[in-house]
Amino acid sequence: MKRIGVVTVAILFLLLVTGVLAYAQQDQQDEKQAKPEKQAKPEKQAKPEKRAKPEQQQQERRPEQNQQQQERTQQQERPRELNQQQQQQQRIQQQRQEQLNQQQQERTQQQEHMQQGQRNQAQQELNRQQQERAQQQWQQQQQQQQAQRERLSQERQQELIQQQQRRLTQYRQRLDEQQRRLQEQTAVLQQQRRMAQYRFQEEYLERLRDQDRHLREERHDYNNDPYFYTAPTYRYNRGGAYYETNQYGADLLRQAVNSGYEEGFRAGAADREDNWRPDYQNSYAYQDATYGYNGYYVDPEDYRYYFREGFQRGYEDGYNDRYQYGYNSNGSYGVLGNVLSLILNLQSLR
């Protein structure tokens, strides 16, 4: 029974396979017969389409051609536009450069004009100073000649020499006392920690010592000193009273103003450095007012008066770091000529 079942199954399987193969061959034949029909149908319907296709394609291509034409036109115009832009930029740069050149020329001309004006002003000032010096020299020569013709008598010379000797003795005594006071004030400055002012007063004290040493060592020849036989040539007013002196006394008064200005400038600069309030009258140098005085030719009170006049102005310039009343030439301080003339106000007796 088992064998019969197996044989039956095998027969059925073979029949199934044979049917499948036959069906497949029939499908292939149907496809081959259908191909010519399908290929024939498009040929009959394609003929009218071929006649309409170029016009349609041409219509479809026109926007594309127009766009391409526009792009070519734009590409052709771009170099022109770039060239125009470059030319415009060059014109703008050229205009700017011309403006800069013009401004530079104007500045150069202004500077040259200012420099020329400064040179002219400096030359005029130099000419004026030369004329003043020449006039002063001429006046001095005239005064010396006049003084030689009006030489003081021997008796008057002896009176002046005795007066000078008494004046020198008093000055030396006062100088010793002033040095002791200066040392006391210097100690106060140390306590106040005003180190710049302390250094200034130490230097001032040292200059006073040198001055005192020089005066003690000097042996003055009164008989050959022209001051003692030269007649007065100037008059000046101090405290409402008039005094007379000759050229040597006038020169010493000028030195008093300049020395006072120099010491005042240093004192003012020291207080500014110490951040101390301005107070020139509290400075020992102002109170002493004898530096630069050699004890000759003028009264000590006259010298101190004009020293303080210069000191006050020098202190203001030094404290404010300016040169309103004086100048500094290579470390040498002095009062301006017009300021000096106003301070002294010397009147010629000739």
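Residues numbered from 1 in each chain as written. Predicted model: local features only at pLDDT ≥ 70, side-chain atom pairs only at ≥ 80, totals over all residues. Heavy atoms only, no water.

Some details on helix 7 (residues 337-344)
Line of reasoning, step 1. For helix 7, the set of buried residues is Val339, Leu340, Ile343 and Leu344. An end-on view of helix 7 places all buried positions within 120 degrees of arc, on one side of the element. Counted as exposed and oriented over 90 degrees from the buried face of helix 7: Asn338 and Leu342.
Line of reasoning, step 2. Backbone geometry just downstream of helix 7 places Asn345 in the positive-phi region, at approximately 50 degrees. (Buried < 20%, exposed > 50% of the residue type's maximum accessible area, 1.4 Å probe, protein only. Helix = DSSP H or I, 4+ residues; strand = E, 2+ residues; numbered from the N terminus. Arc of directions from axis to C-beta.)

Section: the pattern of salt bridges
Close approach of charged atoms lets side chains of opposite charge pair.
Line of reasoning, step 1. Tallying each qualifying case throughout the model produces 13 salt bridges.
Line of reasoning, step 2. Among the salt bridges present, the one from Arg213 reaches Asp210, with a minimum N-O distance of 2.2 Å. Of this pair, Arg213 and Asp210 both sit in helix 3 (residues 195-217), separated by three residues, roughly a single helical turn.
Line of reasoning, step 3. Residue classification places Arg213 among the partly exposed positions, given a relative accessible area of 42%.
Line of reasoning, step 4. Given the relative accessible area of 35%, Asp210 is considered partly exposed.
Line of reasoning, step 5. Across the pair Asp251 and Arg254 runs a salt bridge whose closest N-O atoms are separated by 2.8 Å. Here Asp251 and its partner Arg254 are both found in helix 4 (residues 247-273), three residues apart, which amounts to about one turn of the helix.
Line of reasoning, step 6. Given a relative accessible area of 25%, Arg254 falls into the partly exposed group.
Line of reasoning, step 7. Among the charged side chains, a network of salt bridges with common partners joins Arg207, Glu262, Glu263 and Arg266. (Salt bridge = Lys/Arg side-chain N within 4 Å of Asp/Glu carboxyl O.)

Points about the packing of helix 3 against helix 4
Line of reasoning, step 1. Contact geometry of helix 3 with helix 4 gives a least axis separation of 7 Å together with a crossing angle of 155 degrees. With respect to each other, helix 3 and helix 4 are oriented roughly antiparallel. Residues Ala196, Gln197, Arg199, Phe200, Tyr204 and Arg207 of helix 3 form the contact with helix 4, whose participating residues are Glu263, Arg266, Ala267, Ala270, Asp271 and Glu273.
Line of reasoning, step 2. Residue composition of the contact of helix 3 with helix 4, by class: five nonpolar, one polar and six charged. (Axes fitted to C-alpha atoms, helices over the stretch in contact; angles between N-to-C directions. Parallel < 35°, antiparallel > 145°, perpendicular 65-115°, else oblique. Contact = heavy atoms within 4.5 Å. Nonpolar A, V, L, I, M, F, W, Y, C, P; charged D, E, K, R; others polar.)

A few points about the nonpolar core
One recurring pattern in soluble globular proteins: nonpolar side chains tend to sit buried together.
Line of reasoning, step 1. Ranked by internal contacts, the top residues of the largest apolar core, which has 39 residues, are Tyr204, Val257, Val298, Tyr303, Tyr306 and Phe311.
Line of reasoning, step 2. At eight residues, the largest contribution of residues to this core is made by helix 4.
Line of reasoning, step 3. When neighbours within four sequence positions are excluded, Tyr306 is seen to be in contact with Tyr236, Asn237, Arg238, Leu253, Ala256, Val257, Ile343 and Leu344. (Core = buried A, V, L, I, M, F, W, Y, C linked by side-chain atoms within 4.5 Å.)

A closer look at the packing of aromatic side chains
Line of reasoning, step 1. Applying the stated criterion across every chain yields a total of 20 aromatic pairs.
Line of reasoning, step 2. When the ring of Tyr296 is compared with that of Tyr297, the centres are 6.2 Å apart and the planes differ by 55 degrees; the resulting orientation is tilted.
Line of reasoning, step 3. Measuring from ring centre to ring centre gives 6.0 Å for Tyr315 and Tyr319, while their planes differ by 15 degrees; the resulting arrangement is stacked. Here the residue Tyr315 and the residue Tyr319 both occupy positions in helix 6 (residues 300-320), the gap between them amounting to four residues, near one helical turn.
Line of reasoning, step 4. Given a relative accessible area of 2%, Tyr315 falls into the buried group.
Line of reasoning, step 5. Aromatic rings pair up to connect Tyr280, Tyr286, Tyr293, Tyr303, Phe307, Phe311, Tyr315 and Tyr319 into one cluster. (Phe/Tyr/Trp six-rings, centres within 6.5 Å; stacked < 30°, edge-to-face > 60°.)

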